[in-house]
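# Structural overview for review
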Amino acid sequence: MGRHTPALLGGLFIGVMASLPVVGACCCLWGVCGGMLVAYLQQQSRPDPIETADAVLGGVLAGVIGAIIAGLVLVAMVSMGRTPIEQMMQDAMTESGQLPEEMRQRVLQFVTGRNLVLLIFVVNIPTYAVFSMLGSLLGVAFFRKKTPPQAPPAPQG
C-alpha cells in the first residue's frame, strides 16, 4: 500500500458518508471514523508501530479530501436545482415570519447557489480535517502495535 493510500481511502469514506442524505448529518462522526480508518490501514501496511505524526498527517489529509468530495457532491446538487439546505432555510424563514422581507431575501441569497457552496467549503474543510485528525489519534491508541520489550543489557564483568 502506498504512503498516501490510507489517507485517500479515509477521505473517500468521509466524503461518501457525509454526502448521503440521511446519515450525512453526522459529518463529524464520519470524520472521526475516517481518521480511525486511516490509522488502521497505516498500521496494517507495516510491521512496526505507526508513528503518531504519520497518523495525524494522514487524518488531516483524509479530512481535506473528504470535505472536497462532499463539496463536489453539493456542487452537483446545486447545479441540478434546489438543495435540501436551501429548501430548509426557505421553509424556516417563511414559517417564522419575524424577519423583514428585505432581510429574508438577503439571507436566502447568501445561502443559495455558489454562495452556499463557498460557505460549505469554508466550514467543512477545517471541520473535517480536525475531526479526522482526532479520529486518527484515537485510531493510533486502538490499533498501534505494541513494541516488544527490549532485552536487558548483558552484565559486564
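Scroll up a little and you will see the structure.
The structure presented is a predicted model; accordingly, all values stated were derived computationally and were not measured.

## Looking at the overall build of the protein chain
Along its length, the protein chain carries 6 helices and 0 strands. In sequence order, the secondary structure elements of the protein chain are arranged as α-α-α-α-α-α. Its C-alpha radius of gyration of 22 Å places the protein chain more than 25% over the 15 Å reference for a compact globule of 157 residues. In terms of overall dimensions, the protein chain has a C-alpha envelope of 90 × 30 × 20 Å along the principal axes.

## Thoughts on the side chain of Ser132
Inspection of the secondary structure puts Ser132 in helix H6 (residues 113-143). A distance of 2.8 Å separates a polar side-chain atom of Ser132 from the backbone oxygen of Tyr128. Setting aside residues no more than four positions away along its own chain, Ser132 makes contact with Ile14, Gly31, Val32, Gly35, Gly59, Val60, Ala62 and Gly63.

## Some points on the environment of Met93
Structurally, the position occupied by Met93 is in helix H4 (residues 84-96). Taking the C-alpha atoms as reference, Met93 lies 27 Å from Leu72; in sequence the two are 21 residues apart. Setting aside anything within four residues of it in sequence, one finds Met93 in contact with Leu99, Arg104 and Val107.

## Quick notes on the pattern of salt bridges
Inspection of every chain in the model, using the stated rule, returns 1 salt bridge. Ionic pairing is found between Asp54 and Arg46, a salt bridge with its closest N-O pair at 3.7 Å.

## Topic: the packing of aromatic side chains
Any two aromatic rings considered together are summarised by their centre-to-centre distance and by the angle between their planes. According to the stated counting rule, one finds 3 aromatic pairs in the structure shown. On the basis of an interplanar angle of 70 degrees and a centroid distance of 5.1 Å, the ring pair of Tyr40 and Phe143 is categorised as edge-to-face. Remark: Phe143 occurs in helix H6 and Tyr40 occurs in helix H2 (residues 27-44); sequence separation between them is 103 residues. Among the aromatic residues, those joined into a cluster by ring pairs are Tyr40, Phe142 and Phe143.

## Concerning H2
Taking 1.5 Å per residue as the helical rise, H2 with its 18 residues ought to reach 26 Å, and the 26 Å between its terminal C-alpha atoms agrees with that figure. Residues of H2 that are buried include every one of Cys27, Trp30, Gly31, Gly34, Gly35, Met36, Val38, Ala39, Leu41, Gln42 and Gln43, and no others.

## Overview of the side chain of Asn124
Within the secondary structure, Asn124 sits in helix H6. Looking at Asn124, the relative accessible area reads 13%, which means it is buried. In contact with Asn124, other than residues within four places in its own chain, are Ala67 and Ala129.

## Some remarks on the packing of helix H1 (residues 5-19) against H2
Axis separation between H1 and H2 bottoms out at 8 Å; the angle between their running directions is 160 degrees. The orientation of H1 with respect to H2, classified from their angle, is roughly antiparallel. Helix-helix and strand crossings are classified by hand; for H1 and H2 the assignment is right-handed. Residues Pro6, Ala7, Leu9, Gly10, Phe13, Ile14, Met17 and Ala18 of H1 form the contact with H2, whose participating residues are Cys27, Trp30, Gly31, Cys33, Gly34, Leu37, Val38, Leu41 and Gln42. Looking at the contact of H1 with H2, its residues break down into 13 nonpolar, 4 polar and no charged.

Cut-offs used in this document
- Residues numbered from 1 in each chain as written.
- Predicted model: local features only at pLDDT ≥ 70, side-chain atom pairs only at ≥ 80, totals over all residues.
- Heavy atoms only, no water.
- Helix = DSSP H or I, 4+ residues; strand = E, 2+ residues; numbered from the N terminus.
- Rg over C-alpha atoms; globule rule 2.2 N^0.38 Å.
- Polar contact = N/O pair within 3.5 Å; in protein donor to acceptor, adjacent residues only side chain to side chain.
- Contact = heavy atoms within 4.5 Å.
- Salt bridge = Lys/Arg side-chain N within 4 Å of Asp/Glu carboxyl O.
- Phe/Tyr/Trp six-rings, centres within 6.5 Å; stacked < 30°, edge-to-face > 60°.
- Expected span 1.5 Å × (residues − 1).
- Buried < 20%, exposed > 50% of the residue type's maximum accessible area, 1.4 Å probe, protein only.
- Axes fitted to C-alpha atoms, helices over the stretch in contact; angles between N-to-C directions.
- Parallel < 35°, antiparallel > 145°, perpendicular 65-115°, else oblique.
- Left-handed = near helix turned anticlockwise from the far one by under 90°.
- Nonpolar A, V, L, I, M, F, W, Y, C, P; charged D, E, K, R; others polar.

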